[in-house]
Amino acid sequence: MFRKETLMNIGLYDESFFVQEEVELRLRYLKKYSIDRLQIPLYRYRRHENNITNDEARMKLYANKIKKKHNIDLWNLFFRNMSLLIDKSKFVFNKESNPYIIAEIGVNHEGSLDKAKELIELAKEGGANAAKFQSYKASTLASKDSPSYWDTTKEPTKSQYSLFKKYDSFNAKDYENLAEFCKDKSIDFLSTPFDDYSIEFLNPIVPFFKIASADITNIPFLKKIALTNKPIILSTGAATLYEIEIALNTIKSINNYDAAIMHCILSYPTVDQDANLSMIKSLKKVFPENNIGYSDHTIPDENMTSVVLAYILGANIIEKHFTHDKNLPGNDHYHAMDVNDLKRL
């Protein structure tokens, strides 16, 4: 919470403001000064057993008071999605728990909302904790001449831009629709943002952010996500330990949470001997305060060997691409797991 002296120094203190809750302070300054963000740890409330945000009925009651007083819909802005965080975040980031399984649907919906919902249902049936998507527009993600980085015998498209353009049709309303569908199915909704606009529309509907390996050195982007003050999972494909440390320090300087670190190999698919799973133990040793996970791109075998070994080595968050049909052509189908793989896992 801001101290009075700090607010006075930056010219934002008003003697008439009576602080009942940190949320109310934030909302009053938002309304009076049109400030985009104030660094107030809204989500610290979930740590207290008897706090207002741990009781949905009391949350709604308080939100109604704020709406009447300030004409701001606090329930839909913050509390509705905080309930997801309250219930699940201790599990997500608990080193002693069972692994948190993320079914990375990505763009395997191929632009169909119905197919996306079918994949969510399959992820839930298989036992995943979260169904994750990717939010981007090809025009802000890749140049038109960017070459492929995948196995072109499985996905013949030669340009990153051309491939991404095939599957970038979902808009903010579509993701809100999918988030509501996930809520109805009792599975967490996640989506990785690849631009500033995606951060903005995803913020109210995700319990935490997953950052792709490609953005681990994108410091302005890391700061923008950290400013949401939500937990963060950070993939580390192709990054050095120094780059990982810089990214973690950048997030920690703004955000109240220690980001979880995902070991990842940027090879599609990753052959088993290149998975370098021993890196999980190294990450645990170098970053003992952070949770360590594994984002897997190996082709799943009957025993889900790479993923199981990752868990044995200490990964407590597991992410793997997910599909309804592994025989389909396309970049993320052939190395993905299906519902039967997920059930075995």
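Residues numbered from 1 in each chain as written. Predicted model: local features only at pLDDT ≥ 70, side-chain atom pairs only at ≥ 80, totals over all residues. Heavy atoms only, no water.

Let's talk about the overall build of the protein
Moving on, step 1. Tallying secondary structure elements over the protein gives 14 helices and eight strands in all.
Moving on, step 2. By the burial criterion, 54% of the 345 residues in the protein qualify as buried.
Moving on, step 3. Taking all contacts inside the protein whose residues are at least 6 apart in sequence as the whole, residues at least 24 apart take part in 63%.
Moving on, step 4. Here the protein has roughly 16,200 Å² of accessible surface; of this, 49% comes from carbon and sulfur atoms. (Helix = DSSP H or I, 4+ residues; strand = E, 2+ residues; numbered from the N terminus. Buried < 20%, exposed > 50% of the residue type's maximum accessible area, 1.4 Å probe, protein only. Contact = heavy atoms within 4.5 Å. Areas by Shrake-Rupley, 256 points an atom, 1.4 Å probe, with all protein chains shown as cover.)

Quick look at the nonpolar core
Moving on, step 1. In this structure, Ile120, Tyr175, Phe189 and Phe322 are the most contacted members of the largest nonpolar core, which totals 57 residues.
Moving on, step 2. Among the elements that take part in this core, helix α8 (residues 172–184) stands out by supplying six residues, more than any other.
Moving on, step 3. If near-sequence neighbours (up to four positions away) are discounted, Tyr175 is found in contact with Phe133, Gln134, Ser135, Phe170, Phe189, Ser191, Phe201, Leu202 and Ile205.
Moving on, step 4. Ranked by size, the runner-up nonpolar core spans ten residues in total, among them Val107, Ala142, Phe164 and Ala212. (Core = buried A, V, L, I, M, F, W, Y, C linked by side-chain atoms within 4.5 Å.)

Digging into the packing of aromatic side chains
Moving on, step 1. As enumerated under the stated definition, the model contains six aromatic pairs in all.
Moving on, step 2. Judged by centre distance (5.9 Å) and plane angle (65 degrees), the rings of Tyr100 and Phe208 are edge-to-face. Of this pair, Tyr100 sits in strand β1 (residues 100–106) while Phe208 is found in the loop between α9 (196–202) and β4 (209–211), placing the two residues 108 residues apart along the sequence. In this pair, the class of Tyr100 matches that of Phe208, namely buried.
Moving on, step 3. Among the aromatic residues, those joined into a ring-pair cluster are Phe170, Tyr175, Tyr197 and Phe201. (Phe/Tyr/Trp six-rings, centres within 6.5 Å; stacked < 30°, edge-to-face > 60°.)

Topic: the environment of Ser112
Moving on, step 1. Residue position: Ser112 is located in the loop between β1 and α5 (113–126).
Moving on, step 2. Ser112 sits in the partly exposed class, given a relative accessible area of 27%.
Moving on, step 3. Along the backbone, Ser112 and Phe170 are 58 residues apart, and their C-alpha atoms lie at a distance of 8.5 Å.

A closer look at the packing of helix α10 (residues 219–226) against helix α11 (residues 241–252)
Moving on, step 1. Where α10 contacts α11, the axes come no closer than 9 Å and their chain directions differ by 35 degrees. Viewed along their axes, α10 and α11 form a crossing whose handedness is right-handed. Each of Ile219, Leu222, Lys223 and Ala226 in α10 lies in contact with α11, whose residues at this interface are Ile246, Ala247, Thr250 and Ile251.
Moving on, step 2. Here the contact of α10 with α11 is built from residues that sort into six nonpolar, one polar and one charged. (Axes fitted to C-alpha atoms, helices over the stretch in contact; angles between N-to-C directions. Left-handed = near helix turned anticlockwise from the far one by under 90°. Nonpolar A, V, L, I, M, F, W, Y, C, P; charged D, E, K, R; others polar.)

Let's talk about the environment of Phe208
Moving on, step 1. Classification of Phe208 as buried rests on a relative accessible area of 2%.
Moving on, step 2. Sequence spacing of Phe208 and Ile232 is 24 residues, and the spatial spacing of their C-alpha atoms is 5.7 Å.

Comments concerning α10
Moving on, step 1. For α10, the complete set of buried residues consists of Phe221, Leu222, Lys224, Ile225 and Ala226.
Moving on, step 2. On the buried face of α10, the contacting elements are β3 (188–193), α9, β4, β5 (232–235) and α11.

Re the sheet that holds β4
Moving on, step 1. Pairing is parallel in the open sheet, where eight strands are placed in the order β3-β2-β1-β8-β7-β6-β5-β4. Here the strands that pair on one side only, and so sit at the sheet edges, are β3 and β4. With strand direction ignored, the average angle separating the axes of adjacent strands in the sheet is 25 degrees.
Moving on, step 2. Here four bridges tie β1 to strand β2 (residues 130–135), and the two strands are oriented parallel to one another. Across the sheet, the residue bridging to Ile102 is Ala130, located in β2.
Moving on, step 3. Packing against the sheet, helix α13 (residues 305–312) makes contact with β7 (292–296) and β8 (317–321), and its axis sits at approximately 170 degrees to β7. (Pairing = 2+ DSSP bridges.)

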